[in-house]
Amino acid sequence: EAHLRPCCGSCAVREPGHNTLMADIRYAVFWDYENQPGHPAHASQAVADAVNSLGANVCEERRLYSDPHISNVALSRHANDLTCWTQVECPHHKKKEVVDKRIIADMFLFALTARAPGTCVVLISSDGDYAYSLGKLREHGCRIVVLVDHQSSEQLRPVADIVRPFTVERLPDSATRPSKRPHAECAAASATSDGGILAMSIQGPVGSAFTGGVFQCVVHLPERFPEQPPMVKMRTKIYHPNIDGQTGSVLLANWSPSVLVEKSIAQVVAELLANPMLGQTSPSEALNPKTAKTFLRDPRKFKQTAAEWVRLYATPSSSKAPC
């Protein structure tokens, strides 16, 4: 009989040198942390629940991919729960596809080298860009498990054997507390239990270029928050002078801890949608000077382009994946 040693208490890793069973299904986990943040212990349990239903019983590896400049503060809070995860640093320098390419390469490498009668790839992400690669792996006999949040791309579901929810937990907190002021419509969806990461859903303010849109964003709270501003990344593609179109990074100018006396972070972001230039008068002051130039010199064109992006990426009927 084969001998197994525990891994995080939720799976088993086979000791080298022992005979394998014919029924063995080997699996590896690939976590796009910036796309779908969360608590490592919760991720481990969610993975175990999903692969157990497939009969997968041998965990080969667990890999967590993130930009250390963005995620290290949040991850440092979970040091004890990261012992079974291999952290893969992916500094993307405004190119989110760096993470995607590494995950795709590692998924195929695992499938090629496992060489077992049964293999299973587990992806924690809601990014539809992985759909083609997962589909190819599945065509060649690899089982596919995807853990997604409520904003998952519909492209992922047809290429997976199992799709399970993996979302951050709700946390009532001053950072998500709605203000009584009606200056901007917004909603904070949920947050992790330790307050290190917030996942938010922002409604486009009525009367703005983003009316009718629903924008998903992830907020990393630094250790010295609120003295230091939160690091906000928009997961929904948006045409905006102060939100990076490639990485989703949001520029929060003139941040002050006193902001949270009257507003939540969600309302701060919503106000950025209502007032894209934040009082800036020159395109060079904005995060995207080219978009800022259009906003200042051709407001009609800006509003038309922003509205088209809302239609393509930020409405319930949108089939495009979040950035």
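Rules used throughout
- Positions within a chain are numbered from 1, following the residues in the order the chain's sequence is written.
- Selection of residues for local features in this predicted model requires a pLDDT of at least 70, selection of side-chain atom pairs for listing and counting requires 80 or more, and totals for whole chains, interfaces and linings are taken over all residues.
- Hydrogen atoms and water are omitted, and side-chain values are computed over all heavy atoms in the structure.
- Each helix is a run of H or I in the DSSP string that is no shorter than four residues. Each strand is a run of E no shorter than two, and both are numbered from the N terminus.
- Given the number of residues in a helix, its expected span is that number minus one, multiplied by 1.5 Å.
- Relative accessible area decides the class of each residue, using a 1.4 Å probe on protein chains only: under 20% of the type maximum gives buried, over 50% gives exposed, and in between gives partly exposed.
- The arc in question is the one spanned by the directions pointing from the helix axis to the C-beta atoms.
- Here, residues are in contact when the closest pair of their heavy atoms is within 4.5 Å.
- A pairing counts as a salt bridge when a side-chain nitrogen of Lys or Arg comes within 4 Å of a carboxyl oxygen of Asp or Glu.
- Whether a crossover is right-handed comes down to one check: with the strands pointing away from the viewer, does the path from the first strand over the helix to the second run clockwise; if it does, it is right-handed.
- Strands are treated as partners if at least two bridges between them are detected by DSSP.
- Any two of the Phe, Tyr and Trp rings considered here, Trp counted by its six-membered ring, make a pair once their centres fall within 6.5 Å; the pair's planes then place it as stacked at under 30 degrees, edge-to-face at over 60, or tilted in between.
- Every axis in this analysis is a line fitted to C-alpha atoms, fitted for helices over the stretch in contact. Angles between the N-to-C directions lie between 0 and 180 degrees.

**Considering helix H3 (residues 97–114)**
In an α-helix, one turn spans 3.6 residues; hence positions three or four apart end up facing the same way.
Turning to step 1, where the next piece is worked out: With 18 residues, H3 should reach 26 Å at 1.5 Å per residue; the first-to-last C-alpha distance of 26 Å fits that figure.
Turning to step 2, where the next piece is worked out: When H3 is considered as a whole, its buried residues turn out to be Val-99, Asp-100, Ile-103, Asp-106, Met-107, Phe-110 and Ala-114. Along H3, the residues classed as buried sweep out an arc of 140° about the axis, all on the same side. Turned more than 90 degrees off the buried face of H3, the exposed positions are Lys-101, Leu-112 and Thr-113.
Turning to step 3, where the next piece is worked out: Contact partners of the buried residues in H3: strand E3 (25–32), strand E4 (58–66), strand E6 (118–124) and helix H4 (131–139).

**Concerning the side chain of Asn-288**
Turning to step 1, where the next piece is worked out: The topology assignment puts Asn-288 in the loop between helix H6 (265–274) and helix H7 (289–297).
Turning to step 2, where the next piece is worked out: In this structure Asn-288 comes out as buried when scored by relative accessible area, which is 16%.
Turning to step 3, where the next piece is worked out: With residues near it in sequence (within four places) discarded, Asn-288 still touches His-240, Pro-241, Asn-242, Ile-243, Asp-244 and Gly-245.

**Some details on the pattern of salt bridges**
Turning to step 1, where the next piece is worked out: All told, the structure shown has 7 salt bridges when counted by the stated rule.
Turning to step 2, where the next piece is worked out: For the salt bridge of Arg-26 with Glu-60, the shortest nitrogen-to-oxygen distance reads 2.4 Å. Here Arg-26, found in strand E3, pairs with Glu-60, found in strand E4; they are 34 residues apart in sequence, far enough to count as distant.
Turning to step 3, where the next piece is worked out: Of the residues examined, Glu-60 reaches a relative accessible area of 38% and is grouped as partly exposed.

**Here's the deal with the pairing of strand E7 (residues 143–148)**
In the case of a regular strand, side chains alternate between the two sheet surfaces.
Turning to step 1, where the next piece is worked out: Across the 6 residues that make up E7, a large majority, 5, are buried.
Turning to step 2, where the next piece is worked out: The parallel pair E6 and E7, bridged by H4, forms a crossover whose chirality is right-handed.
Turning to step 3, where the next piece is worked out: Relative to strand E8 (residues 162–165), E7 is paired through 4 bridges, and the arrangement is parallel. Paired with Val-145 across the strands is Ile-162, a residue of E8.

**As for the packing of aromatic side chains**
Turning to step 1, where the next piece is worked out: This model, assessed by the stated rule, comprises 9 aromatic pairs.
Turning to step 2, where the next piece is worked out: Ring centres 5.7 Å apart and planes at 70° place the aromatic pair Trp-309 and Tyr-313 in the edge-to-face group. Taken as a pair, Trp-309 and Tyr-313 lie in helix H8 (residues 299–313) at a separation of 4 residues, close to a single helical turn.
Turning to step 3, where the next piece is worked out: By relative accessible area, which is 25% here, Trp-309 ends up partly exposed.

**Concerning H7**
Turning to step 1, where the next piece is worked out: Here H7 has its buried residues at Thr-291, Ala-292 and Thr-294. Along H7, the residues classed as buried sweep out an arc of 160° about the axis, all on the same side. Along H7, exposed side chains directed more than 90 degrees from the buried face belong to Lys-290 and Arg-297.
Turning to step 2, where the next piece is worked out: Contacts from the buried residues of H7 go to H8.

**Points about the sheet that holds E3**
Turning to step 1, where the next piece is worked out: Pairing is parallel in the open sheet, where 6 strands are placed in the order E5-E4-E3-E6-E7-E8. A strand with exactly one partner marks an edge of an open sheet, and here the two such strands are strand E5 (86–89) and E8. When strand polarity is set aside, the average angle formed by the axes of neighbouring strands in this sheet is 20°.
Turning to step 2, where the next piece is worked out: By the bridge criterion, 7 bridges tie E3 to E6 in an arrangement that is parallel. Residue pairing in the sheet places Val-29 in a bridge with Val-122 of E6.
Turning to step 3, where the next piece is worked out: Lying over the sheet, helix H1 (residues 40–52) contacts E3, E4, E6, E7 and E8, oriented at roughly 145° with respect to E3.
Turning to step 4, where the next piece is worked out: H4 contacts E6 and E7 of the sheet and is inclined by roughly 150° relative to E7.

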